[in-house]
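Analysis of the macromolecular model
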Amino acid sequence: MEIAAVESYPIEIPLETPVSFSNRTIRYRDHAITRVRTESGLAGVGYSLGYEAADLIADAVESRLAEVVEGEDPRDTARLWAEMYEGNVQIGRTGLFLRAISSADIALWDLKAKAADQPLYKLLGGHSESVPSYASGGYYRDDKGHEGLREEMRRYLDEGHDAVKMKVGRRSVPEEVERVRAVREEIGPDRTLLLDANGVWDSAPAAIRACRAFEPFDPYFVEEPVMIDMVETMGQVNDAVDYPVATGELEGTRHRFATLYDAGAASILQPDATVCGGITEWLRIADYASAYDVPIAPHYNWNLHASLLGAIENGLWVEYFYRDMDVKVFDDVVASPLAPDDEGRIDLPDRPGHGVELDEDALEEFRA
């Protein structure tokens, strides 16, 4: 089996109305789509969220990575990952270049599982046939007050979820306390509440003050209380608050995750396979975490991460966004998107490959 061609291009899917988290407002979602084809016509697909730079990710795939993998056996994922990474280490250890490697590596694993005629999670070990999910939301919109926040969370409970996540940090601490109070009152004392600050606080004292103010509402974790590069500061928060810090959605490679955990900066790790270096590196991170009994709760991309979580023993949850909330919209280009059942669990796809088949007409519609 030999790789004949590699293609990558950006897509942009508009939101109906702008949506905000603590420190940013989003009006559209862009993704880089990467395809790897063999000489026999078999194809694998990978992708990564672009954060308004999907065109640069796609350019990196075609200009720097295609020449590395073309002519090679797509089943040699470990070797090809090393060649893509080490061959560009001076210019691309993290950030958008690692997203480019991620998208190519995901496509290689899709090919590898298809060639084996196995669903990805079975190829990787098959720990579970379904995985738990939490409903992610609680974003800020101009016309969304406390009652709108309550209605959103009530909808998630009606769908069968017993764990929900909300954004915090855009407003003053007293205002955020009232938002968190409203959600806890709506979901009741026995369900799981997760918080996500997207790195908004600029110091340990500021983050600790805010996170301690939320303690009466029994959060299960707070995600990214400070920027991810502030590892020592993140560790101070994790040590000072009586619930754990979770982080990792913007982090790359097993080495960075080891640094986060070894420094005490996080008790729950959130690798994203489309960010951290693909499936190859995601599995290494999960294996590292399992040695310390650290839970893995991957960021976004449930169509892919469900299969990865189903292959490991230290998986916690998959993050799920309902499309009609108009926050994460990649399902618009997925032919058969995964969705939770009435108990909040996601059944894993049983077709060969990673199971994320893209809709060609939709891709063409949103091609940038």
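Above this text sits the structure in question.
Residues numbered from 1 in each chain as written. Predicted model: local features only at pLDDT ≥ 70, side-chain atom pairs only at ≥ 80, totals over all residues. Heavy atoms only, no water.

**Comments concerning the overall build of the chain**
Along its length, the chain carries 12 helices and 11 strands. What you see for the chain is a C-alpha radius of gyration of 20 Å, in line with the 21 Å of a compact globule of 368 residues. If you line up the chain on its principal axes, its C-alpha atoms span 60 × 40 × 35 Å. The buried share of the chain, taken over its 368 residues, is 59%. Contacts spanning at least 24 positions in sequence make up 70% of the contacts within the chain whose residues lie at least 6 apart. If you sum the accessible surface of the chain, you get close to 14200 Å²; carbon and sulfur atoms cover 43% of it. For the chain, the separation between the mean place of its 36 positive charges and that of its 69 negative charges on side chains is 3 Å. (Helix = DSSP H or I, 4+ residues; strand = E, 2+ residues; numbered from the N terminus. Rg over C-alpha atoms; globule rule 2.2 N^0.38 Å. Buried < 20%, exposed > 50% of the residue type's maximum accessible area, 1.4 Å probe, protein only. Contact = heavy atoms within 4.5 Å. Areas by Shrake-Rupley, 256 points an atom, 1.4 Å probe, with all protein chains shown as cover. Lys, Arg positive; Asp, Glu negative; His and termini not counted. Charge placed at Lys NZ, Arg CZ, Asp CG, Glu CD.)

**Details of the pairing of strand 7 (residues 219-223)**
Each regular strand shows side chains that alternate between the opposite faces of the sheet. The element strand 7 is largely enclosed, with a buried count of 4 among its 5 residues. When strand 6 (residues 192-196) meets strand 7, the two strands line up parallel, connected through 4 bridges. Bridging from a neighbouring strand, leucine 193 pairs with proline 219 of strand 7. Traced from strand 6 through helix 7 (residues 204-213) to strand 7, the parallel crossover comes out right-handed. Handedness of the strand 7-helix 8 (residues 231-240)-strand 8 (residues 245-247) crossover: right-handed. (Pairing = 2+ DSSP bridges. Right-handed = clockwise from strand over helix to strand, strands pointing away.)

**Let's talk about the layout of surface pockets**
When its volume is computed, the largest pocket comes out at roughly 340 Å³. What lines the largest pocket is a set of 21 residues, and nearest its centre among them are Phe21, Asn198, Glu224, Glu249 and Leu250. For the lining of the largest pocket, the elements supplying multiple residues, two or more each, are strand 2 (24-38) and strand 5 (163-167). Among the residues making up the lining of the largest pocket, the classes are represented as 7 nonpolar, 3 polar and 11 charged. (1 Å grid on protein atoms, 1.4 Å probe; cavity = no way out; pocket = protein on both sides within 12 Å on 5 of 7 lines; lining within 4 Å. Points joined across faces, edges and corners; volume = space filled by probe spheres on them. Nonpolar A, V, L, I, M, F, W, Y, C, P; charged D, E, K, R; others polar.)

**Some points on the pairing of strand 2**
Relative to strand 2, strand 1 (residues 3-21) runs antiparallel, the two sharing 14 bridges. Its bridge partner being in strand 2, proline 10 is matched across the sheet by alanine 32. A loop of 2 residues connects strand 1 with strand 2, the two strands running antiparallel in sequence. Two successive antiparallel strands, strand 2 and strand 3 (residues 43-49), enclose a turn made up of 4 residues, where glycine 41 displays a positive phi of approximately 100°.

**Brief notes about the packing of helix 5 (residues 146-158) against helix 6 (residues 173-187)**
Running from N to C, helix 5 and helix 6 cross one another at 35°; their axes reach a closest spacing of 9 Å. Considering the relative orientation of helix 5 and helix 6, their crossing is right-handed. Between helix 5, through His146, Leu149, Arg150, Met153, Arg154 and Leu157, and helix 6, the contact on the second element is made entirely by Glu178, Arg179, Ala182, Val183, Glu185, Glu186 and Ile187. Of the residues that constitute the contact of helix 5 with helix 6, the class distribution is 6 nonpolar, 1 polar and 6 charged. (Axes fitted to C-alpha atoms, helices over the stretch in contact; angles between N-to-C directions. Left-handed = near helix turned anticlockwise from the far one by under 90°.)

Keep in mind these values describe shape, not function.
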